[in-house]
Protein chains: 4
Amino acid sequence: MELDLSPYSVRTDLALEAKEIASNRMGDTIPGVHTETSEDDGDMIVTRMDIASEEGARAIGKLPGHYVTIEVPRLREKDSDLQDRVATRLAQEFASFLQRIGIGKDARVLIIGLGNYNVTPDALGPLVVENVMVTRHYFELMPEQVSPGYRPVSAVAPGVLGTTGIETSEIVQGIVEKSRPDLVIAIDALASRALERVNTTIQIADTGIHPGSGVGNKRKGLTKEFLHVPVIAIGVPTVVYASTIVNSTMDMMLNHFKNQTSNTNQIFGMLESMEENERLQLVKEVLDPVGHNLLVTPKDIDQFIEDMANIIASGLNAALHEAIDQDNVGAYTH
Amino acid sequence: MELDLSPYSVRTDLALEAKEIASNRMGDTIPGVHTETSEDDGDMIVTRMDIASEEGARAIGKLPGHYVTIEVPRLREKDSDLQDRVATRLAQEFASFLQRIGIGKDARVLIIGLGNYNVTPDALGPLVVENVMVTRHYFELMPEQVSPGYRPVSAVAPGVLGTTGIETSEIVQGIVEKSRPDLVIAIDALASRALERVNTTIQIADTGIHPGSGVGNKRKGLTKEFLHVPVIAIGVPTVVYASTIVNSTMDMMLNHFKNQTSNTNQIFGMLESMEENERLQLVKEVLDPVGHNLLVTPKDIDQFIEDMANIIASGLNAALHEAIDQDNVGAYTH
Amino acid sequence: MELDLSPYSVRTDLALEAKEIASNRMGDTIPGVHTETSEDDGDMIVTRMDIASEEGARAIGKLPGHYVTIEVPRLREKDSDLQDRVATRLAQEFASFLQRIGIGKDARVLIIGLGNYNVTPDALGPLVVENVMVTRHYFELMPEQVSPGYRPVSAVAPGVLGTTGIETSEIVQGIVEKSRPDLVIAIDALASRALERVNTTIQIADTGIHPGSGVGNKRKGLTKEFLHVPVIAIGVPTVVYASTIVNSTMDMMLNHFKNQTSNTNQIFGMLESMEENERLQLVKEVLDPVGHNLLVTPKDIDQFIEDMANIIASGLNAALHEAIDQDNVGAYTH
Amino acid sequence: MELDLSPYSVRTDLALEAKEIASNRMGDTIPGVHTETSEDDGDMIVTRMDIASEEGARAIGKLPGHYVTIEVPRLREKDSDLQDRVATRLAQEFASFLQRIGIGKDARVLIIGLGNYNVTPDALGPLVVENVMVTRHYFELMPEQVSPGYRPVSAVAPGVLGTTGIETSEIVQGIVEKSRPDLVIAIDALASRALERVNTTIQIADTGIHPGSGVGNKRKGLTKEFLHVPVIAIGVPTVVYASTIVNSTMDMMLNHFKNQTSNTNQIFGMLESMEENERLQLVKEVLDPVGHNLLVTPKDIDQFIEDMANIIASGLNAALHEAIDQDNVGAYTH
């Protein structure tokens, strides 16, 4: 795990990718980890992963729990019909999470939009909060006027440590203690190790938010242990860390030379012998002086992020309120 | 007090104006209320008001406490030299508040920016939070590296009830309990009853934020009783309520007719006999269907608000950190 | 007309209201002005007005041309199904404008979003530009890859005089001369004289934008004469001028007294004799020192504006591109 | 030049870096290129470069002209005193550009803020436009009221091709033809090849904006040839392209192996023989599928960009208006 947390190693917030990395090392079967994949019209690949044992969790470097990943390679093509289908699928998958952890249809929900509104690839959470339907105050102020089929939903974008000076998890803990939701949903922009997953993938997990995950600095997590209510996390990779790009380059180069010189034991040995610490040292040299906080992000990130925020807000509205038709989820955001 | 809280009566968040209204009724001396005014270069009028008794508080309709009002009629002229002088004066006045209530130079401060970032005349608080210097995390994460002359300052814009679904005061209470500041500073956009005070006046008060004051809906206040730490409020009137405009029109018309017909007892009687409730009924008719939530605001409000946010952020930076030169307060915001 | 343009008289940018005012003076039939109203499910009232003669234009104070007004009293209730139906209706009405003035399905369109992005009630135009589908560059850069059923659409938010220093109409003229569209669509936030029409009404007109109309300062208009291409204007009232509120108050008061004293000739005469210039003088006194630039706007304007921008962007997308299904217009904005 | 424009090669918009690259190939002296460096208090390094011949221009890959680069390694440390000194220095350097190309103190200036307001590292230009002092409309509308010491300045953020559908240079050309400035100043976010120059360097050039430079897509430049008025460009590197990171990694690795195996002719040869096209192929593989549009940017880019925009706006205000004291440049922005 230490190596995985090193700022200069390949970093991913997706359980799917963490398992891929572990499988390269350990083979396809990892004890305590069960994966199941289905395809949907050729447009969406949905992977369900259970990390059921501590051993599996250690092997992969992710917390034990249930993860669902929706991959939609064509999602950057701005096909609004596809976007609606993804929101609908998200609503269904999310609803099954609610059922799984026993969240009833009247349970109170607090949506937390993590991230920095002013940094485009980190703005996903605040944008979802801006777009999602908020109803809790109606239940508090005029309960008799609320139509059936809705539940109390509140939503807060707590800001980031660098602009508030307070750990985000402490702000959230304070809000949870005062507003007493039965469930927290945390939305966050993530880092992937694969450029093709950036802005095309949605991960839902019942593990909450790990310390150190996401685009911003989260030194404490948002978990059931910390907040005393269940936490479902929804994340979308919007960046790749620059260190990942550097690592990929090295892999590529090592392979390139290996292929060229496969009959030359001497060189082969030399390449093999490039130790992990030499390698990290090289990555560090490339990325100094600005270090591991460098984000790699597409130039037109603003539109991807807005589209994603709408998909997630639509999906959540439909999953959270019975009165909202799950077949027409797009209609309830602005 | 009931009439003052009626949505269709003249509404002001400025103690200065509340006293003017009371003085019209009761004469200049109001028991338990002391006022002192000074001028500064002909550009600034600074009024200090103490509401020392419950009787005075009831008469004026404001909480007992200490209020300072800085009026700068030329502040809308975009004179940046004047803006700097106002920030400097604000820093001095604010520093004397800190002293008054015994807040030492190392005391921890939490700045709360009330209001809705997305509604221009209500965005003052969030804009101050965006511009003010935040230092608390340095004290938490690397205390040994903080230069002398600074104190821990955090800043949060908690949003508004309509977008979060949670009472703002409850969010703030939660954050206060977790981050444990020694003082809360609450910034808010206010309503004035006089158009000429809009965007030209700053009020500081050690009473906190009253329930129902400010541009947004605040059903619970931010007060020492509620938060268990002292609260200093800084407010700037950015709007006049439409009901105020309507009331002013009525006064004007009644006066107009009185002047024309001063020798006609019959008409005079008729005008006098327009009872408060008839009057409120008229106001209600004019403003229906949208009611008392209508704001009157200048067209170029965006620039006034940004300038004001900078003045307040600069003034606070200088007042809160000894290391910041109070003679050059402008330099420390962005 | 001079009185109508006076800053302190009642001001409206809606032809519908201008005709109501004229009808009060002249009776229901105004020569050269034809009006036709239909209702739609009880939710929408659609009024078609033709101002066919110069005489009619003078009487009403609006340019000769064709105006369609869609009034949706329930539009502020955040019913997303209703919003979709309004977008669909807008698309249909707009399409019939295109046909009327002979704009073919391949004609090139430039959408101009007038107004100030940073002043909430004036941000409608820039928000539509942000949300509308832009395609012109695909036709220019890779015409062979554009699917059938689309046309070249470009969109610019040119800013306002106060922040650019240049007349908006001159900026637009320059862009039109370089990008050579066949049609300009100008989106603008308008002033109404009736609070209930604010954020519930959409006006389409083939007259372009009049000088002096809209929320911002437009000293030159956007018209066919000036731009040499047809201009269709889409406007939504987002404010009422404070002077309108004041005038309504006066009407209300005059009526109030008249009703009370209908048998007293003397008083009746006095009220009648309140001359227009006395009246304007009173309005002026109420609104000084900030004058006729005061906007009256609901406190939660931000959400209405965003919803409206989405409705208009959706409607335009469907009306402009054959490939977009007019029955599902909501799907194509973000 | 072709190689330099290849999307997968190292890309820089800084003349300073282009010269460094050329010097690596050709030695320190490049015909027709003169460079002069001075230091300022140890905080700023100012480099003046003249590209005086076509030969020099070809060697470096930048247009002939005069370039000034201000490097301030400590500029990311949020030292507001340093920021003020940089603004002052920028004002002085810029003023000498005005003199050089014969722009008098009454000449009319149009500031163009290039880039996408909604993508943080590309928002520099629009932010400068938002902060700079605009005066042209006062000269047009009430010339007699303008104080002496000011000149007519206008400012426009024309948007980007992807959101307007129109080449930015064509929009600017249209605005120039209508508003008739004597000088255009174009502000743009740039790409550097060195992470340490990101957000610490300002380049001024009298060559205008090259096609293809800057963070956005600029297929036509903003040059004197195209606009028929002189164009001074101010640019700040806010990103490094991902392809640059990949290339640096390769250099590092090749050096690493060379050092390890310097006595092994065979391997040495192999490394040397890695041809440019093989190399580009590798870069392409690493960065696919998202390609050369990937930006590398620090996580806290939002604050750097705002600070830079203020520095540039302050510097321009002081350089453009005699009435603004060049020793207190900070005071005139908001």
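Structure: see above.
A brief report on the enclosed structure follows. (Residues numbered from 1 in each chain as written. Chains lettered and ligands numbered in written order. Predicted model: local features only at pLDDT ≥ 70, side-chain atom pairs only at ≥ 80, totals over all residues. Heavy atoms only, no water.)

**Some thoughts on the overall build of chain A**
Line of reasoning, step 1. In terms of helices and strands, chain A carries 13 helices and nine strands.
Line of reasoning, step 2. Across the 334 residues in chain A, those meeting the buried criterion constitute 62%.
Line of reasoning, step 3. Of the roughly 12,300 Å² of accessible surface on chain A, a fraction of 47% belongs to carbon and sulfur atoms. (Helix = DSSP H or I, 4+ residues; strand = E, 2+ residues; numbered from the N terminus. Buried < 20%, exposed > 50% of the residue type's maximum accessible area, 1.4 Å probe, protein only. Areas by Shrake-Rupley, 256 points an atom, 1.4 Å probe, with all protein chains shown as cover.)

**Observations regarding the pattern of salt bridges**
Line of reasoning, step 1. On inspection of all chains with the given rule, the structure shows 60 salt bridges over all chains.
Line of reasoning, step 2. Measuring nitrogen to oxygen at the nearest pair gives 3.4 Å for the salt bridge that ties D50 of chain B to R100 of chain B. Of the two residues, D50 of chain B sits in strand β2 (residues 44-51) while R100 of chain B sits in helix α4 (residues 80-100), which places them 50 residues apart along the sequence.
Line of reasoning, step 3. What makes D50 of chain B partly exposed here is its relative accessible area of 27%.
Line of reasoning, step 4. Accessibility expressed as a relative area gives 48% for R100 of chain B, which makes it partly exposed.
Line of reasoning, step 5. Across the pair R193 of chain D and E20 of chain D runs a salt bridge whose closest N-O atoms are separated by 3.3 Å. Note that R193 of chain D is positioned in the loop between β6 (183-192) and β7 (201-205) and E20 of chain D in helix α2 (residues 15-26), a separation of 173 residues in sequence. (Salt bridge = Lys/Arg side-chain N within 4 Å of Asp/Glu carboxyl O.)

**Quick notes on the packing of aromatic side chains**
Line of reasoning, step 1. On inspection of all chains with the given rule, the structure shows two aromatic pairs over all chains.
Line of reasoning, step 2. Between Y117 of chain A and Y117 of chain B, the ring centres sit 6.3 Å apart and the planes meet at 70°, which makes this aromatic pair edge-to-face. In this pair, Y117 of chain A is assigned in the loop between β4 (109-113) and α5 (124-131) and Y117 of chain B in the loop between β4 (109-113) and α5 (124-131), connecting two distinct chains.
Line of reasoning, step 3. Its relative accessible area of 37% is what places Y117 of chain A among the partly exposed residues. (Phe/Tyr/Trp six-rings, centres within 6.5 Å; stacked < 30°, edge-to-face > 60°.)

**Examining a nonpolar patch on the surface**
Line of reasoning, step 1. A surface patch of nonpolar side chains, amounting to about 240 Å² of accessible area, comprises Y138, L141 and M142 of chain A.
Line of reasoning, step 2. Locating M142 of chain A in the fold gives a position in the loop between α6 (136-141) and β5 (153-156). (Patch = residues over 30% accessible without salt bridge, like charges linked within 9 Å, V, L, I, M, F, W, Y side chains within 5 Å.)

**Thoughts on the packing of helix α5 (residues 124-131) of chain D against helix α13 (residues 301-320) of chain D**
Residues and elements named next belong to chain D.
Line of reasoning, step 1. The N-to-C vectors of α5 and α13 enclose an angle of 50°; their axes lie 8 Å apart at closest approach. By the angle class used here, α5 and α13 are oblique. Crossing angle aside, the handedness with which α5 passes α13 is right-handed. For the pair formed by α5 and α13, the contact residues are L124, L127, V128 and N131 on the first element and I305, E306, M308, A309, N310, I312, A313, L316 and N317 on the second.
Line of reasoning, step 2. Partitioning the contact of α5 with α13 into residue classes produces nine nonpolar, three polar and one charged. (Axes fitted to C-alpha atoms, helices over the stretch in contact; angles between N-to-C directions. Parallel < 35°, antiparallel > 145°, perpendicular 65-115°, else oblique. Left-handed = near helix turned anticlockwise from the far one by under 90°. Contact = heavy atoms within 4.5 Å. Nonpolar A, V, L, I, M, F, W, Y, C, P; charged D, E, K, R; others polar.)

**Quick look at the environment of S314 of chain D**
Line of reasoning, step 1. Along the chain, S314 of chain D turns up in helix α13.
Line of reasoning, step 2. When the C-alpha positions of S314 of chain D and P121 of chain D are compared, they lie 20 Å apart, and in sequence the two are 193 residues distant.

**Considering the environment of L320 of chain A**
Line of reasoning, step 1. As for its position among the elements, L320 of chain A is in helix α13 (residues 301-320).
Line of reasoning, step 2. Residues L320 of chain A and R151 of chain A, 169 residues apart in the sequence, show an inter-C-alpha distance of 7.1 Å.

**As for the side chain of T135 of chain B**
All names here are of chain B.
Line of reasoning, step 1. Secondary-structure assignment places T135 in the loop between α5 and α6 (136-141).
Line of reasoning, step 2. T135 gets classed as buried once you look at its relative accessible area, which sits at 6%.
Line of reasoning, step 3. Of the polar contacts made by the side chain of T135, one reaches the backbone oxygen of R151; its length is 2.6 Å.
Line of reasoning, step 4. Not counting the four nearest positions on each side in its chain, T135 is found in contact with R151, P152, V153 and H321. (Polar contact = N/O pair within 3.5 Å; in protein donor to acceptor, adjacent residues only side chain to side chain.)

**A look at the pairing of strand β6 (residues 183-192) of chain C**
Regular strands place their side chains on alternate faces of the sheet.
All names here are of chain C.
Line of reasoning, step 1. β6 sits mainly inside the fold: ten of its ten residues count as buried.
Line of reasoning, step 2. Alternating residues of β6 divide into L183, I185, I187, A189 and A191 and V184, A186, D188, L190 and S192, and every residue in both groups is buried.
Line of reasoning, step 3. Relative to β6, strand β4 (residues 109-113) runs parallel, the two sharing five bridges. If you follow L110 over to β6, its bridge partner there is V184.
Line of reasoning, step 4. Taken together, the nine bridges between β6 and strand β8 (residues 231-241) define a ladder with parallel strand orientation. Note on β8: the bridge partner recorded for A191 is V239. (Pairing = 2+ DSSP bridges.)

**Describing α5 of chain B**
All names here are of chain B.
Line of reasoning, step 1. Burial within α5 is extensive, with seven of its eight residues counted as buried.
Line of reasoning, step 2. Every buried residue of α5 is accounted for by L124, G125, P126, L127, V128, V129 and N131.
Line of reasoning, step 3. Tucked inside the fold, the buried residues of α5 contact β4, β5 (153-156), β6 (183-192), β8 (231-241) and α13 (301-320).

**Some thoughts on unusual backbone geometry**
Leaving glycine aside, a negative phi is the common case for residues, and trans is the common case for peptide bonds.
Line of reasoning, step 1. In this structure, R180 of chain B is a non-glycine residue whose phi angle is positive, near 50°.
Line of reasoning, step 2. The exposed category is assigned to R180 of chain B, whose relative accessible area is 58%.
Line of reasoning, step 3. Not every positive phi belongs to a glycine, and H228 of chain C is a case in point at roughly 65°.
Line of reasoning, step 4. Here H228 of chain C is to be found in the loop between α9 (224-227) and β8.

**Structural notes on the pairing of β2 of chain B**
All names here are of chain B.
Line of reasoning, step 1. Bridging between strand β1 (residues 33-40) and β2 involves eight bridges; their strand directions are antiparallel. Note that in β2 the partner of E39 across the bridge is I45.
Line of reasoning, step 2. Where β2 meets strand β3 (residues 65-71), seven bridges bridge the pair, whose relative direction is antiparallel. Counterpart to V46 in the pairing with β3 is I70.

**Side note on α4 of chain B**
Residues and elements named next belong to chain B.
Line of reasoning, step 1. Between its first and last C-alpha, α4 extends 30 Å over 21 residues, near the 30 Å set by a 1.5 Å rise per residue.
Line of reasoning, step 2. The opening residue of α4, the one whose side-chain oxygen lies 2.9 Å from the backbone nitrogen of D81, is D79.
Line of reasoning, step 3. Immediately beyond the C-terminal end of α4, within one or two residues, lies G102, with a positive phi of roughly 70°. (Expected span 1.5 Å × (residues − 1).)

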